[in-house]
Amino acid sequence: MQAVKIVEDVFWAGAINWTFDFYGLSIQRGTTYNAYVVKSGDKSAVIDTSHPNHYEEFMTRVKSIVNPEKIDYVICNHAEPDHSFGIPILMKEAVNAKVVATPKCVAMLRRLYPPADYDYIEVKEDDTLKLGEKTFRFIEAPFMHWPEVMFTYLEEDKILFPCDGFAAHIAPTNLFADKAKDIKDDAAKYFAFIFRPFAKKVRQAIEKVRKLDLKIIAPSHGPIIRENPTEVLDLWEKWSSEEWIGENKVVIAYNTMWGADKLMAETIADSIMEEDIEVNFFDLETAPVADVLKECFESKAIVLGSLTVFGGPFPHVYAVLPFLKLMRPQGKIGAAFGVHGWSGGSARKIDEAMKELKMDFIEPALAVVLRPDEEELQKCIELGKEIAKRVKAT
Ligand code: FEO
């Protein structure tokens, strides 16, 4: 395992995780924990480290490019263990290194890896640090997505190291975005869970980054962006804007026991597609929750349906609703349907949840007994038409 050259004297020294569970949500395409080594003459710095399960790979790549005893600085942009766990391991061998971080990050490192009694350099907004002929500039980026986060900018090479910022969870076919598979879907999935709740902080961080002369964005997950780095800033700015409610597409997600909910879901979907609107259709029993949520984030309309169990929806629906709240879906179009045997509840509970999230809910929630009759299927068709109308109008 070798470090990979990005530009002269700047190397990727991270680790790859081909299968990945992320806050309990399976992300099928994996991720990377990107760490970097920067050299200048006889000076060396490491930027971020690695996940607990991947520190050996990280250490091997670092050692392929620098003797740890020769490392001058270990820069910690973010204390979350997928980027900081390698610090106490590296520092055992990097006996001459100073750890560079914000004061809040230093406090977190002491808490996470006691005693973490290193020689620290605490930095704040716009501080600089020389590494031989090269210059690091530090940019505070609080709540991207933890409070202690900073970005590191390497002035001479015009490279931004934003840790989780502008990243994507994907184990790439190539380390460089211009040679990897299209990562927009992976980036959207990642943004939806982690950064949408901090939309205002994301916009503030982007405002700072736009002032930089930027050639490369080297995040800590997924591919390195060395072509058109402002494109990813534009994308993140769009996703974090208050006005953005999604693309012109609809998610229909349901569960079923005897097929009645599926019939309603299919009828609504057909009706929407007849209006030339994209539908993404999920059976919640088998669909990866991360994929459902990513489409919910990207879509203007969300339709949820469920059989009724003990007066409410089946638990699969509750795997989606709490995450919807994190995505701040205010203004998205919402609709609900449900099937019950003798006393209802599923459609009403979804209806209540969507209204609580301040979604633009289409009345009424469609609740049917056992199986929809012709009249009720007609109502599904009408619901589909109304969803399509509102999607086109927003
Ligand atoms: Fe990739 Fe916030 O850790």
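In this text the structure is predicted, and so the values were computed from the model without any measurement.

Basis of the calculations
- Residues numbered from 1 in each chain as written.
- Predicted model: local features only at pLDDT ≥ 70, side-chain atom pairs only at ≥ 80, totals over all residues.
- Heavy atoms only, no water.
- Pairing = 2+ DSSP bridges.
- Helix = DSSP H or I, 4+ residues; strand = E, 2+ residues; numbered from the N terminus.
- Domains from an automatic or database assignment.
- Contact = heavy atoms within 4.5 Å.
- Buried area = accessible area lost by both parts, 1.4 Å probe.
- Salt bridge = Lys/Arg side-chain N within 4 Å of Asp/Glu carboxyl O.
- Polar contact = N/O pair within 3.5 Å; in protein donor to acceptor, adjacent residues only side chain to side chain.
- Core = buried A, V, L, I, M, F, W, Y, C linked by side-chain atoms within 4.5 Å.
- Buried < 20%, exposed > 50% of the residue type's maximum accessible area, 1.4 Å probe, protein only.
- Axes fitted to C-alpha atoms, helices over the stretch in contact; angles between N-to-C directions.
- Phe/Tyr/Trp six-rings, centres within 6.5 Å; stacked < 30°, edge-to-face > 60°.
- Lys NZ or Arg CZ within 6 Å of the ring centre and 35° of its normal.
- Expected span 1.5 Å × (residues − 1).
- Parallel < 35°, antiparallel > 145°, perpendicular 65-115°, else oblique.
- Nonpolar A, V, L, I, M, F, W, Y, C, P; charged D, E, K, R; others polar.

**Q** Quick question: what am I supposed to make of the sheet that holds strand β13 (residues 134-140) here?
**A** Reading across the sheet, the 5 strands line up as β12-β13-β14-β15-β16 and stay open at both edges, with mixed pairing between neighbours. Only two strands of the sheet have a single neighbouring strand rather than two, namely β12 (128-131) and β16 (216-217). Two elements, strand β14 (residues 150-154) and strand β15 (residues 159-161), share 3 bridges in a ladder whose sense is antiparallel. Looking across to β15, one finds that Thr 152 is bridged to Phe 161.

**Q** Can you walk me through the domain arrangement of the protein chain in this structure?
**A** It is common to report an interface's size as the accessible area lost on association of the parts. Under the domain assignment used here, the protein chain contains domain 1 (4-240) and domain 2 (247-393). One C-alpha centre belongs to domain 1, the other to domain 2, and the line joining them spans 39 Å. With 16 residues of domain 1 at the interface, the matching set in domain 2 holds 13 residues. Interface of domain 1 and domain 2: buried area, both sides summed, is about 1,300 Å²; carbon and sulfur atoms make up 63% of it. Counting across the domain 1 and domain 2 interface gives 4 salt bridges.

**Q** Would you mind showing me how to read the environment of Asn 34 here?
**A** Among the structural elements, Asn 34 can be located in the loop between β6 (31-33) and β7 (36-40). Within polar-contact distance, the side chain of Asn 34 engages the side chain of Trp 12 at 2.8 Å.

**Q** Is there a simple way to think about the nonpolar core in this case?
**A** Soluble globular proteins: nonpolar side chains tend toward being buried together. In terms of nonpolar packing, the biggest core is built from 61 residues, with Phe 151, Phe 166 and Trp 236 touching the most fellow members. A total of 7 residues in this core trace back to one element, the largest contributor, which is helix α5 (residues 184-194). Each of domain 1 (4-240) and domain 2 (247-393) accounts for three or more of the residues forming this core. When residues no more than four places from it in sequence are discounted, the contact partners of Phe 151 are Asn 77, Arg 137, Phe 138, Ile 139, Ala 141, Met 144, Leu 160, Phe 161, Pro 162, Phe 166, Ala 205 and Val 209. By size, the runner-up hydrophobic cluster in this structure holds 28 residues, among which are Met 59, Ile 71, Met 91 and Tyr 120.

**Q** How should the sheet that holds strand β10 (residues 98-101) be read in this particular structure?
**A** What links the strands of a sheet is backbone hydrogen bonding, and the strands pair in either a parallel or an antiparallel sense. The sheet built from 7 strands is open, its strands ordered β1-β2-β7-β8-β9-β10-β11 with mixed pairing. Two strands in the sheet have a free side with no partner beyond their single neighbour: β1 (4-7) and β11 (120-122). Averaged over all adjacent pairs, the angle separating strand axes in this sheet is 25°, with direction ignored. In this structure, strand β8 (residues 43-47) lies alongside strand β9 (residues 73-75), joined through 3 bridges in parallel fashion. Its bridge partner being in β9, Ala 45 is matched across the sheet by Tyr 73.

**Q** Explain helix α1 (residues 55-63) here, please?
**A** Three or more residues of α1 are buried, namely Glu 57, Phe 58, Met 59, Arg 61 and Val 62. Next to the buried residues of α1 lie β2 (10-12), β3 (15-17), β7, β8 and α3 (86-93).

**Q** What exactly am I supposed to notice about the pairing of β13 here?
**A** Moving residue by residue along a regular strand, the side chains alternate between the two faces of the sheet. A large share of β13 lies buried, amounting to 5 of its 7 residues. In the sheet, β13 pairs with β14 via 5 bridges, with the strands oriented antiparallel. Directly across from Arg 137, in β14, lies its bridge partner Tyr 153.

**Q** Honestly, the environment of Glu 363 in this entry has me stumped. Any pointers?
**A** For Glu 363, the location among the structural elements is in the loop between β22 (360-361) and β23 (366-369). With 352 residues separating them along the chain, Glu 363 and Phe 11 place their C-alpha atoms 56 Å apart. Residues within four places of Glu 363 in sequence aside, it is in contact with Asp 351 and Lys 355. For Glu 363, the side chain forms a polar contact with the side chain of Lys 355, separated by 2.6 Å.

**Q** Where do I start with the packing of aromatic side chains in this structure?
**A** Aromatic ring pairs are defined here through the distance separating the ring centres and the angle between the ring planes. A complete count under the given rule lists 18 aromatic pairs for this structure. Taken together, a centroid distance of 4.9 Å and an interplanar angle of 55° make the contact between Phe 195 and Trp 236 tilted. Highlighted residues: Phe 195 in the loop between α5 and α6 (199-209) and Trp 236 in helix α7 (residues 229-240), separated in sequence by 41 residues. The burial state of Phe 195 is the same as that of Trp 236; both residues are buried. Among the aromatic side chains, those forming a connected cluster through ring pairs are Phe 151, Phe 166, Tyr 190, Phe 191, Phe 195, Trp 236, Trp 239, Trp 244 and Phe 297. Its guanidinium or amino end placed over the ring of Phe 176, Arg 226 lies 3.8 Å from that ring's centre, counting from NZ or CZ.

**Q** How do you make sense of helix α8 (residues 260-273) when you look at a structure like this?
**A** Two residues of an α-helix separated by three or four positions point the same way, owing to the 3.6 residues in each turn. Compared with an ideal rise of 1.5 Å per residue, which puts 14 residues at 20 Å, α8 spans 20 Å between its outermost C-alpha atoms and is within 8% of the ideal. Every buried residue belonging to α8 is among Ala 260, Asp 261, Met 264, Ala 265, Thr 267, Ile 268, Ala 269, Ser 271 and Ile 272, and all of these are buried. For α8, the secondary structure elements touched by its buried residues are β17 (247-254), β18 (278-283), β19 (299-309), β21 (333-340), β23 and α13 (374-393).

**Q** Is there a simple way to think about the packing of α5 against helix α9 (residues 289-298) in this case?
**A** The geometry of α5 relative to α9 is characterised by a closest axis approach of 9 Å and an angle of 85° between their N-to-C directions. Here α9 runs roughly perpendicular to α5, going by the angle between their axes. For the pair α5 and α9, contact is made by Lys 184, Asp 185, Ala 188, Lys 189, Phe 191, Ala 192 and Phe 193 and by Ala 290, Asp 291, Leu 293, Lys 294, Phe 297 and Glu 298, respectively. Along the lines of polarity and charge, the residues of the contact of α5 with α9 split into 7 nonpolar, no polar and 6 charged.

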